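If you want the building blocks of each chain, they are given just below.
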Amino acid sequence: MMLHFTFTQIKPLGFVAQYGFAGVDIFMFVSGFGLFFSLERDHNILHFYKKRLLRIFPTYYLIGAISALFLDHDNLPTYLFRYSTIGFWTNGIYHDWYIPSIVALYLISPFLKKLFNKHFIPIAITLIIFVFFITFICISKEYFGDRSRFFFLFSRIPAFIWGMTCAYWLKNNCSKTYYTIALIVGIPVFVWLFPQQHQIYNFKYLSLSLLLPAYTLFFIIITKYIRPVKGLLSPIGNASLEIYLIQGMFASSIIKGLITIPSQWHDIYTLGFILFCSIAGILFHWLIERSRISSLF
């Protein structure tokens, strides 16, 4: 949220905020990791799809309706075209790249899981190398361009596959050597690629990939040993979809010039937006979950 609200004035938070893109990579990694174990517990693919689609689309359509009415002024066909994600995939009008991308990754994850289980070593490793290679070519040559709707999806696929890989290792009690090797390789890759982001901006997405397990472990340690942090972050994590969509409306309003922030009040407004979006997202999530439980009775 700090990145989306261009929060760069207060130090050191401003320094941290400019690397907010890493939050998406971490989420993609954790999603691949979590979906692997979700499929491990329940092998019913239709049930898996139903749970994921019910988690995403009711919220997407409800919050999207607010955005369509007050920001985009969409008519009904445009609204449906935008929030069904059809617009994203047909080069038409769309709301964001993120929701269509995670829906696509969720749809293919059961098939990726089967590949990992049946022929992990020859297939999964080949798949990972292929994905890294293709992504590296696309990013390094800026084939898609920073503004392409598909660029952000392709640049985050390695993180998702990597999450499933680490889940497979954990499930099969593989040696920690694998993670150590990834870290040993990841550090020089990061040192090599990340400083070049100002010349080749897109390198920053690929440079973090192999370090994602270390990032995730860092957050796990924090939440394990500092209880108040876990109590604060758990509701935010549960409502992450709602928070993301609500803050997206404010970010769009700023980009479109509907909200102007005087420079002297920039940081206060930003903190206010972050607090409001977090609370509103948690409340919205609670209402949706409550209505979902009520519908069962």
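To keep things clear, this report deals only with the structure shown in the data block.

1. Notes on the environment of S155
So, point 1. Tracing the chain through its elements places S155 in helix 7 (residues 151-171).
So, point 2. Exposure remark for S155: the relative accessible area of 2% places this residue in the buried category.
So, point 3. With 51 residues separating them along the chain, S155 and L206 place their C-alpha atoms 6.8 Å apart.

2. Digging into the packing of aromatic side chains
So, point 1. Taken as a whole and assessed by the stated rule, the structure comprises 26 aromatic pairs.
So, point 2. Between the aromatic rings of F36 and Y168, the centroid separation amounts to 6.4 Å while the plane-to-plane angle is 90°, which identifies the pairing as edge-to-face. Taken together, the residues F36 in helix 2 (residues 22-41) and Y168 in helix 7 connect sequence positions 132 residues apart.
So, point 3. Residue classification places F36 among the buried residues on the basis of a relative accessible area of 0%.
So, point 4. Seen in terms of ring centroids, W169 and Y179 are 5.3 Å apart; in terms of plane orientation they differ by 85°. Their pairing is edge-to-face. Residue W169 is located in helix 7, and its partner Y179 is located in helix 8 (residues 177-193); the two are separated by ten residues in the primary sequence.
So, point 5. Residue classification places Y179 among the partly exposed positions, given a relative accessible area of 25%.
So, point 6. Here a set of aromatic residues connected by ring pairs shows up, and it is made of F29, F33, F36, F37, F116 and Y168.

3. Side note on the packing of helix 3 (residues 45-72) against helix 4 (residues 76-83)
So, point 1. Packing of helix 3 against helix 4 leaves a shortest axis separation of 10 Å and a crossing angle of 135°. One finds that helix 3 runs oblique with respect to helix 4. Helix 4 is crossed by helix 3, and the crossing has right-handed handedness. Contacts from F57, Y60, Y61, G64, A65, S67, A68 and D72 of helix 3 reach helix 4 at Y79, L80, R82 and Y83.
So, point 2. Residues belonging to the contact of helix 3 with helix 4 are distributed by class as follows: eight nonpolar, two polar and two charged.

Definitions and cut-offs
The numbers attached to residues start from 1 for each chain and follow its sequence in the written order. For a predicted model such as this one, the threshold for reporting local features is a pLDDT of at least 70, and the threshold for listing and counting side-chain atom pairs is 80 or more; totals across whole chains, interfaces and linings nevertheless cover every residue. With hydrogens and water stripped out, all remaining heavy atoms of the structure feed into the side-chain values. Secondary structure elements are defined from DSSP: runs of H or I of at least 4 residues count as helices, runs of E of at least 2 residues count as strands, and each element is numbered from the N terminus. Using a 1.4 Å probe on the protein chains alone, a residue whose accessible area is under 20% of its type maximum counts as buried, one over 50% counts as exposed, and one in between counts as partly exposed. Note on aromatic contacts: the rings of Phe and Tyr and the six-membered ring of Trp form a pair at centre separations within 6.5 Å, being stacked when their planes are under 30 degrees apart, edge-to-face when over 60 apart, and tilted otherwise. The axes are straight lines fitted to the C-alpha atoms, using for helices just the contacting stretch, and the angles between their N-to-C directions are given from 0 to 180°. When describing relative orientation, an angle under 35 degrees is termed roughly parallel and one over 145 degrees roughly antiparallel, while 65 to 115 degrees is termed roughly perpendicular and anything else oblique. Handedness of a helix crossing follows the sense of rotation of the near helix relative to the far helix, less than a right angle counterclockwise being left-handed and clockwise being right-handed. Residue contacts follow a heavy-atom distance rule, with two residues in contact if any of their heavy atoms lie within 4.5 Å. In this classification, the charged set is Asp, Glu, Lys and Arg, the nonpolar set is Ala, Val, Leu, Ile, Met, Phe, Trp, Tyr, Cys and Pro, and all remaining amino acids, among them Gly, are polar.

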